[in-house]
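Observations on the three-dimensional arrangement
Residue strings, one per chain:
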Amino acid sequence: MATTDIHIHQDVHHHGDGHDHDHDHEHHGGNFWTTYIFSEDHKIIGKQFLITGIFWALLGGSLSVIFRLQLGFPDMNLEWLKPILGGWITPEGKLDPEFYLALVTMHGTIMVFFVLTAGLSGTFSNFLIPLQIGARDMASGFMNMLSYWFFFASSVLMFISLFLETGPAAGGWTVYPPLSALPQAIKGSGLGMTLWLVAMALFIVSSLLGSINYISTVINMRTRGMSFTRLPLTIWAFFFTAIIGILSFPVLFAAALLLIFDRSFGTSFYLSDIYIGGEALAHDGGSPVLFQHLFWFLGHPEVYIVLLPALGISSEIIATNSRKPIFGYKAMIGSMLFIAILSFIVWAHHMFVTGMNPFLGSIFMLLTLIIAVPSAVKIFNYVTTLWKGNIVFTPGMLFSIGLVSFFLTGGITGIFLGNSAIDIQLHDTYFVVAHFHLVMGSASFFGMLAGIYHWFPKMFGRMMNERLGQIHFWITFIGVYMVFFPMHYIGIAGFPRRYYSWTNFETFSGFADLNMLVSLAAILTLAAQFIFLFNFFYSIWRGRLAPANPWNANTLEWTTPRNPGHGNWPGEIPAVYRWPYDYSKPGAKDDFIPQTIPFSETPESNLPHETELIKLESTSGDDIIIQGGKLEGNH
Amino acid sequence: MAVDIKIVEEAKRPLSMNPRKFGLWLFMATVVMLFGAWTSAYIVKRGDMGWSEIILPDLFWVNTGVILISSGTMVWAVRAARRDVAEQLKIAVGITTVLGIAFLIGQLLAFDQMVALHEHFTGGPVSHSFVYVLSGAHGLHVISGVIVLVIALVAALRGRIHRGNMDTLEMCATYWHFLGVLWLYLFVFLLLNK
């Protein structure tokens, strides 16, 4: 059947043709509360996640600087922190050792879950999925709103726990029992731990609601022509992230619920043979290693929940700003799929020293090392995309390249740690800290910053200051390496992580100067983030007005008005005719061809198989469908 | 407005299904992972030393029968709705709801039987705690299933479920069958791994 369309349309694809007047009229008459607070619009929800994420990032970063002061300057008088920390500063002007553990725990929890899971996935999955696949909104706006408010409730509880007299949870972000299960063990395992568990349960609900929505939207709500092989890599990354979330977060929920029963109801899933003050506890027959299995079954996929969105964002930004098609589009998807699958069968590499069977250890070691293959494919593709490109060094691009650098540096140490034999020496040392802060922490954080710089014009209709962005990048990039590179040496020398102080042992006094350098670099890096904060908030209100398509990108979000209203496109949703990476196509007029341009309009640059596509569609010109100027809606 | 006529190739509409139904399947996937985690933990724990064998309450057999019959009446309800036989639909959904509530009461009585067998949630061996966690968490999901059934029942009584409007009933049926199969899995699992 002939399916040649005659579109009589009012310029659906206006790229850079100056639609600059404010399209800000709301399509539904909502008041302040329904528009900005209890909004069901995916763009507002994305921004809510972003602002909350920035708040948590600032808090999490500040906590780390406080404990870095202790590690870098063990003799320093911290009396001046008394107005903020109150009783947690001892009369001698020192940080309370138990509070040090609470700081480490909360830094980890906040950064992994509240910043790099909710702040990253929540922001960009919500904001970009409907815009880039051509949908009016998420599959369920109401569930999406619930997702944010569960996250908010979880945030409030976690925040309250910081102000408890007994302090927040202090058993490490992995909350291993029995330390986390027994209030007698450490003050933080009292009410602080209870709040931690309740907050995390709410967080899991939020994350699942979000993930169900993301998957459902990507599969069912794509615009005409948006086949899976025409999806931007950002969407592929968010899609895999959501699948991993759906499969792994329930397991953390299962683990946390059993821990709640052990703590508050007296069961013994994780507890056995514990003596306190010579008295045996009633708990008998449990196994703490069981918790580790359940926890790391989430915990390892969680690493990729954090990392994949950042990799997707950087794929998009690197292709756009290299003005070249992404190298190996299908290899990128394939490697993300492979990483997602492998992420579920490597969890025990976190447990090599729990006394597990060495044979089992070598199986997990083999599976772990295989992850290097898809990761290397991704790095290779980033570099080959950059190779001989017309690189535009926007702040977003700089941060994306920074991500590739961290991903490589941190990934290589992963090969060391994945070896069950070497892990005996390196386990729980600063080598591990250096490894995961580079490969997952800093890389994902850079992905998040890259995404903010790149999509800020779409979020707020204004541009961020480029110069300040570049200054922010260079200080942060150098700062991060100065913080985490020395930690490799400290770790190989055998320094264990989570220790309050090493001054008691003469052996460990050798690296005092290196620790001081790390702490200074950490302060510098945190300070640089205030440049970003200023740039971000100043530009929301005072930034230069953004053009319709500031980066000359191909994806659909740049076909919306400058400030897209509810429903994203004022008229019909544009259809998609090509993949999103037609940059610098030989023969083309411009160095980019947006996805909304049909092949029939670009005969000069079509490849043979693309010309085939046009012929196939217009074999007989008999039933030409003439559609009116106002086309019927998409649904 | 400039009207220009262009002849372009057609953009194919991508494959898609009802997003709500799809969301339900994703939700069921999360429930599978939740119980998958617990039953895996159960197997791991059972391999440890000092595992104390469990005696399952007889009522579990009865309750399994009840929930299986309720799946049957659910099938009947969907068939009745497809044939637009409103009376049968109301009766079938009504019976399913009553059986669902009966299952919940039966599970509570089964807990009593376990207590009588000196199998307590706390204080005893882990194996006993596991039975309470598995059946209790399943019971909570059944409560949500009964709520969905009541919603479907009200919709059926008001005549809002018919051949042209099957979504509510079909989603209700999918979830209810899922809960039945989930219980069957848990029960057989416990029988095989006492």
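Residues numbered from 1 in each chain as written. Chains lettered and ligands numbered in written order. Predicted model: local features only at pLDDT ≥ 70, side-chain atom pairs only at ≥ 80, totals over all residues. Heavy atoms only, no water.

**With respect to the overall build of chain B**
Across its full length, chain B carries 5 helices and 1 strand. Mapped in sequence order, the helices and strands of chain B form the string β-α-α-α-α-α. Judged by the C-alpha coordinates and their principal axes, chain B covers about 80 × 45 × 25 Å. With 194 residues in all, chain B has 49% of them scored as buried. Counted over contacts in chain B with a minimum sequence separation of 6, partners at least 24 positions apart contribute 83%. If you sum the accessible surface of chain B, you get close to 9,400 Å²; carbon and sulfur atoms cover 68% of it. (Helix = DSSP H or I, 4+ residues; strand = E, 2+ residues; numbered from the N terminus. Buried < 20%, exposed > 50% of the residue type's maximum accessible area, 1.4 Å probe, protein only. Contact = heavy atoms within 4.5 Å. Areas by Shrake-Rupley, 256 points an atom, 1.4 Å probe, with all protein chains shown as cover.)

**Quick word on the side chain of threonine 320 of chain A**
By secondary structure assignment, the location of threonine 320 of chain A is in helix H8 (residues 288-322). Once you skip the residues sitting within four places of it in the chain, threonine 320 of chain A turns out to touch His454, Trp551, Ala553 and Tyr583 of chain A.

**A few points about unusual backbone geometry**
Residues and elements named next belong to chain A. Residue proline 178 follows proline 177 across a cis peptide bond; omega there is 5°. Mapped onto the fold, proline 178 is located in the loop between helix H5 (141-161) and helix H6 (191-220). Despite not being glycine, aspartate 273 has its phi angle at roughly 50°, a positive value. Positive phi is not limited to glycine here, since arginine 323 has a value of about 55°. Residue position: arginine 323 is located in the loop between H8 and helix H9 (329-342). On the basis of relative accessible area, arginine 323 is assigned to the buried category, the value being 7%.

**Section: the UniProt feature "domain: Heme-copper oxidase subunit III family profile" (unreviewed entry) in chain B**
Mapped onto this numbering, the UniProt entry annotates "domain: Heme-copper oxidase subunit III family profile" (unreviewed entry) at residues 21-194 of chain B. With 80% helix and 0% strand, residues 21-194 of chain B has end C-alpha atoms that lie 36 Å from one another. (UniProt positions renumbered as here; feature names shortened; annotations may be inferred.)

**Considerations on helix H7 (residues 233-264) of chain A**
Residue and element names in this part refer to chain A. Over its 32 residues, H7 extends 45 Å from the first C-alpha to the last, a length consistent with the 46 Å expected when each residue adds 1.5 Å. Along H7, the sharpest kink reaches roughly 30°, centred on isoleucine 246 and followed within four residues by the proline proline 250. For H7, the tally of buried residues reaches 26 of 32 residues, placing the bulk of the element in the interior. (Expected span 1.5 Å × (residues − 1). Bend = angle between axes of the 7 residues up to and from the residue.)

**Looking at the pattern of salt bridges**
By the definition in use, this model includes 15 salt bridges over all chains. Here glutamate 170 of chain B makes a salt bridge to arginine 82 of chain B, at a shortest N to O gap of 3.1 Å. In this pair, glutamate 170 of chain B sits in helix H5 (residues 167-192) while arginine 82 of chain B sits in helix H2 (residues 59-82), placing the two residues 88 residues apart along the sequence. The exposure class assigned to arginine 82 of chain B is partly exposed, which follows from its relative accessible area of 44%. Several salt bridges converge on common partners, so that one network encompasses Arg578, Asp582, Lys585 and Glu610 of chain A. (Salt bridge = Lys/Arg side-chain N within 4 Å of Asp/Glu carboxyl O.)

**Re the packing of H8 of chain A against helix H11 (residues 372-386) of chain A**
Residue and element names in this part refer to chain A. Following both chains from N to C, one finds H8 and H11 inclined at 20°, their axes separated by 9 Å at the closest point. For the element pair H8 / H11, the angle class is roughly parallel. For H8 against H11, the interelement crossing comes out left-handed. For the pair formed by H8 and H11, the contact residues are Leu311, Ser314, Ser315, Ile318, Ala319 and Ser322 on the first element and Lys378, Tyr382, Thr385 and Leu386 on the second. Across the contact of H8 with H11, the residue classes break down as 5 nonpolar, 4 polar and 1 charged. (Axes fitted to C-alpha atoms, helices over the stretch in contact; angles between N-to-C directions. Parallel < 35°, antiparallel > 145°, perpendicular 65-115°, else oblique. Left-handed = near helix turned anticlockwise from the far one by under 90°. Nonpolar A, V, L, I, M, F, W, Y, C, P; charged D, E, K, R; others polar.)

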